[in-house]
Amino acid sequence: MKPDLFQAPDYYNLDDLLTEEHKLIREAARDWVKRDVSPIIEEYAQKAEFPKQIIGGLAEIGAFGPYIPEEYGGAGLDQISYGLIMQEIERGDSGVRSTASVQSSLVMYPIYTYGNEAQRKKYLPKLASGEWMGCFGLTEPNHGSNPAGMETKFKDMGDHYLLNGAKMWISNAPFAQVAVVWAKNEEGRIHGLIVERGMEGFSTPETHNKWSLRASSTGELIFDNVKVPKENLLPNKSGLGAPLGCLDSARYGIAWGAIGAAMDCYDTALRYCKEREQFGKPIGQFQLQQKKLAEMITEITKAQLLAWRLGVLKNNGKATSAQISMAKRNNVDMAIHIAREARQMLGGMGITGEYSIMRHMMNLESVITYEGTHDIHLLITGFDVTGLNAFK
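Let us look at the structure shown here. (Residues numbered from 1 in each chain as written. Predicted model: local features only at pLDDT ≥ 70, side-chain atom pairs only at ≥ 80, totals over all residues. Heavy atoms only, no water.)

### Some details on the nonpolar core
Part 1 of the reasoning: Counting 100 residues, the largest nonpolar core has Ile89, Ile111 and Trp182 as its most contacted members.
Part 2 of the reasoning: Considering every element that reaches this core, the biggest residue donor is helix 6 (residues 241-275), with 18 residues.
Part 3 of the reasoning: Apart from residues lying up to four places away in sequence, isoleucine 89 is in contact with Val33, Leu58, Ile61, Ala63, Val96, Arg97 and Ala100.
Part 4 of the reasoning: Among the nonpolar cores identified, the runner-up in size contains 19 residues, and Ala176, Val226, Val228 and Leu233 belong to it. (Core = buried A, V, L, I, M, F, W, Y, C linked by side-chain atoms within 4.5 Å. Buried < 20%, exposed > 50% of the residue type's maximum accessible area, 1.4 Å probe, protein only. Helix = DSSP H or I, 4+ residues; strand = E, 2+ residues; numbered from the N terminus. Contact = heavy atoms within 4.5 Å.)

### Considerations on the pairing of strand 4 (residues 178-184)
Part 1 of the reasoning: Burial of strand 4 is extensive: seven of the seven residues sit out of reach of the surface.
Part 2 of the reasoning: Here strand 4 shows a buried face lined by Val178, Val180, Trp182 and Lys184 and a second buried face lined by Ala179, Val181 and Ala183.
Part 3 of the reasoning: Two elements, strand 1 (residues 134-137) and strand 4, share four bridges in a ladder whose sense is parallel. Its bridge partner lying in strand 4, glycine 137 is registered against valine 181.
Part 4 of the reasoning: In this sheet, strand 5 (residues 190-196) lies alongside strand 4 in antiparallel orientation, the contact comprising seven bridges. Counterpart to valine 178 in the pairing with strand 5 is glutamate 196. (Pairing = 2+ DSSP bridges.)

### Comments concerning helix 7 (residues 287-315)
Part 1 of the reasoning: Across its 29 residues, helix 7 extends 42 Å between first and last C-alpha, which sits within 8% of the 42 Å expected from 1.5 Å per residue.
Part 2 of the reasoning: Just downstream of helix 7, glycine 317 is the residue with a positive phi angle, here 70°. (Expected span 1.5 Å × (residues − 1).)

### Considerations on the pattern of salt bridges
Part 1 of the reasoning: Overall, the coordinates contain 21 salt bridges when judged by the stated rule.
Part 2 of the reasoning: For the salt bridge of glutamate 88 with arginine 30, the shortest nitrogen-to-oxygen distance reads 2.8 Å. Placement of the pair is glutamate 88 in helix 3 (residues 79-92) and arginine 30 in helix 1 (residues 20-46), with a sequence separation of 58 residues.
Part 3 of the reasoning: Judged by relative accessible area, glutamate 88 falls into the buried class, the value being 1%.
Part 4 of the reasoning: Of the charged contacts in the structure, one is a salt bridge between glutamate 295 and lysine 291, with a shortest N-O distance of 2.9 Å. In this pair, glutamate 295 and lysine 291 both sit in helix 7, four residues apart, roughly one turn of the helix.
Part 5 of the reasoning: Each of Asp15, Arg26, Glu27, Arg30 and Glu88 takes part in one network of salt bridges that share partners. (Salt bridge = Lys/Arg side-chain N within 4 Å of Asp/Glu carboxyl O.)

### Points about unusual backbone geometry
Part 1 of the reasoning: Even without being a glycine, tryptophan 169 presents a positive backbone phi close to 60°.
Part 2 of the reasoning: For tryptophan 169, the location among the structural elements is in strand 3 (residues 160-171).
Part 3 of the reasoning: For tryptophan 169, a relative accessible area of 54% puts it in the exposed group.

### A closer look at the packing of aromatic side chains
Part 1 of the reasoning: Inspection of every chain in the model, using the stated rule, returns 12 aromatic pairs.
Part 2 of the reasoning: Judged by centre distance (5.7 Å) and plane angle (90°), the ring pair of tyrosine 272 and tyrosine 355 falls under edge-to-face. With tyrosine 272 in helix 6 and tyrosine 355 in the loop between helix 8 (321-345) and helix 9 (357-367), this pair connects stretches of sequence that are 83 residues apart.
Part 3 of the reasoning: An angle of 75° between the planes, with centres 6.2 Å apart, marks the rings of phenylalanine 279 and phenylalanine 286 as edge-to-face.
Part 4 of the reasoning: Under the relative-accessibility criterion, phenylalanine 279 is labelled exposed at 76%. (Phe/Tyr/Trp six-rings, centres within 6.5 Å; stacked < 30°, edge-to-face > 60°.)

### Quick notes on the packing of helix 4 (residues 94-114) against helix 9
Part 1 of the reasoning: Contact geometry for helix 4 and helix 9: axes closest at 9 Å, N-to-C directions at 35°. Contacts between helix 4 and helix 9 involve Ser94, Gly95 and Arg97 from the former and Asn363, Leu364 and Val367 from the latter.
Part 2 of the reasoning: Considered class by class, the residues forming the contact of helix 4 with helix 9 number two nonpolar, three polar and one charged. (Axes fitted to C-alpha atoms, helices over the stretch in contact; angles between N-to-C directions. Nonpolar A, V, L, I, M, F, W, Y, C, P; charged D, E, K, R; others polar.)

So this is what it looks like as structure tokens:
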């Protein structure tokens, strides 16, 4: 295994916009990725397995619920800190970042925001420490971009709820102890339910044969007359806006995370083009290679500025869902384009596991689809600027 020589590009001196605490948090995450992720991630991606031994390390660097208050086991950090942690983790691998994003934004966030005090105290500390892992059940076999059409339902049986249905493409599902599941009640209103492993009729079959996010554990959630205690209903918000609020938090993390993947591809290509010689000189001396690198660093810099400004808005409670959509779409699109260009710069070596680029490229094919597809986010922006709803 090659040593991890990654050096993060900062063309516009964005570090000047960060606090000392931000930089310390980022460096801790970066050092952890170099030590505990980079040496093993190619092996685990090749064998399509999530490295469960890194869960404790993710918890130690604050990757699980970094913005959750300390009284519930979180680190009590701001949104820029959350973004920087996601950036560094995705620099290592998008699948590992997905594990952390789901735990933070799709499990801990709804329990903290929509749950009651008893639920917060029961679940959040164990999720923050990594003792328990969680997953988020929204997407269904017949309903992806249209979650309002979900078919998973629950009935009030007097002393409990009876849950039936199925979810798919669920990160962390095969090993999660807790699932935050969105389902319709008998009136058709969407609610969140906390489902625990071991409840009769609840199963989590693993999804195999993925060409993307191979080092992430993906599965289904199957509910066959699952008895859910009434105290497991999230009481403080219902309707489609509840799960969409969780997706806003996850999409924000992705906007930062994708920059990490792009930076890794750029840094790999930059180093390679200085070392690889053809026609008697380094390939980095050729105009077309310099064009690629110049475009990469320009797009990374623009994405960094976009994410930082969004983080400031989020810290101030002013970030809109549409602004988050724009950043998610732009930054993932940027990253996947850079991955493809960087792969070409490495020629045949770019498709091997000796370098990270092809793995990033395959991972980003999932990232550009999940938490809202590229096209859906374009329509969200279009709706926001025109006031005309293309979804109806």
